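Topology and contacts: notes
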Amino acid sequence: MSYQHTLSIIKPDATRRNLTGAINAKLEAAGLTIIAQKRLHISKIHAQKFYQVHMSQPFYDELCEFMSSAPIVVQVLAGENAVAVNRDVMGATNPADAQPGTIRAEFALSIGENSVHGSDADDTAIQEIAFFFSEIELVG
Ligand code: CDP
Ligand code: MG
């Protein structure tokens, strides 16, 4: 067990449907603490930079178009094993494969419009948090 921070994003499909509170309730019920949060409408260029690890994927352009299509809510979640705990409560990338009760099982519209992003490892969490937040914005 280790205390960690992880980056979460509530995606445009979810903000459009007014699901920010419902998703936050699931994150908190999973034991995660939201120690930073802000609503942004990012440009496609920023989305391309954030998702550059997926640049060679066939879904990259559609993903970046989608992520810049409406507001997102970026968050830092904290807790014991926060990276893995958040991945568990998010559910599988494809909502058809997500466990019942997870955010994606309940709210995702498709494999692309799947309501939330979560960092996949401790090192990527550190990089992704630094992309959106400065130290002074993390209020633990
Ligand atoms: O978000 P997660 O870490 O579960 O999945 P990923 O493999 O890192 O992919 C990032 C995002 O790209 C997904 O959350 C989807 O929004 C999108 N994606 C897609 O549109 N089609 C795929 N076949 C795979 C991912
Ligand atoms: Mg990922």
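Structural notes, computed from the coordinates. Throughout this document, residue positions are counted from 1 along each chain, in the order its sequence is written. Here the convention is simple: chains get letters from A, ligands get numbers from 1, in the order in which they are written. The predicted origin of the model limits local features to residues at a pLDDT of at least 70 and limits the giving and counting of side-chain atom pairs to 80 or more, whereas totals for whole chains, interfaces and linings rest on all residues. Values reported for side chains reflect all heavy atoms of the structure, with hydrogen atoms and water molecules removed beforehand.

1. Re the packing of aromatic side chains
Cut-off, in case you're wondering: Any two of the Phe, Tyr and Trp rings considered here, Trp counted by its six-membered ring, make a pair once their centres fall within 6.5 Å; the pair's planes then place it as stacked at under 30 degrees, edge-to-face at over 60, or tilted in between. Here, a charge over a ring is recorded when the distance from Lys NZ or Arg CZ to the ring centre is within 6 Å and its angle to the ring normal is within 35 degrees.
Following the criterion strictly, the structure yields four aromatic pairs and no others. Taking 5.0 Å as the distance between ring centres and 85° as the angle between the ring planes, the aromatic pair formed by F50 and Y51 counts as edge-to-face. Through a chain of ring-to-ring contacts, the aromatic side chains of F50, Y51, F131 and F132 assemble into a single cluster. Positioned above the aromatic ring of F133 is the side chain of K38, whose terminal nitrogen or guanidinium carbon lies 4.6 Å from the ring centre.

2. Topic: the site of ligand 1
Quick reminder of the rule: A cutoff of 4 Å decides nearness: a residue is near a molecule or strand if any of its heavy atoms lies inside that distance of it. Any N or O atom pair separated by 3.5 Å or less is treated as a polar contact, with the protein-specific requirement of one donor-capable and one acceptor-capable atom, and with residues adjacent in sequence counted only for side-chain atom pairs. Only the protein chains shown count as cover for residues, and the accessible areas themselves come from Shrake-Rupley with a 1.4 Å probe. Polar here means any residue outside two lists: the nonpolar Ala, Val, Leu, Ile, Met, Phe, Trp, Tyr, Cys and Pro, and the charged Asp, Glu, Lys and Arg; Gly therefore counts as polar.
Around ligand 1, the surrounding shell consists of K11, H54, F59, L63, R87, T93, R104, I111, G112 and N114. The side chain of H54 places a nitrogen or oxygen atom 3.1 Å from an oxygen atom of ligand 1. Interatomic distance of 2.9 Å between a side-chain N/O atom of R87 and an oxygen atom of ligand 1. Summarising the interface, the protein chains cover 77% of the accessible area of ligand 1, which totals 500 Å² for the free molecule. Here the shell around ligand 1 is built from residues that sort into three nonpolar, four polar and three charged.

3. A word on the pattern of salt bridges
Defined as follows: In what follows, salt bridge is the name for a side-chain nitrogen of Lys or Arg lying within 4 Å of a carboxyl oxygen of Asp or Glu. Helix and strand definitions follow DSSP, with helices as H or I runs of at least four residues and strands as E runs of at least two, each counted in order from the N terminus. Three labels apply to residues, based on accessible area from a 1.4 Å probe with only protein chains included: buried if under 20% of the type maximum, exposed if over 50%, partly exposed otherwise in between.
Tallied over the full model, the rule gives five salt bridges. Note that E106 and K26 form a salt bridge whose closest N and O atoms lie 3.2 Å from each other. Placement of E106 in helix 6 (residues 103-107) and of K26 in helix 2 (residues 20-29) is noted, with a sequence separation of 80 residues between them. For E106, a relative accessible area of 46% puts it in the partly exposed group. Between E137 and K38 there is a salt bridge; the shortest N-O distance is 3.0 Å. In this pair, E137 is assigned in the segment after helix 7 (122-132) and K38 in strand 2 (residues 33-40), connecting sequence segments 99 residues apart. Residue K38 is classed as partly exposed on the basis of its relative accessible area of 22%.

Worth remembering: the numbers are spatial, not functional.
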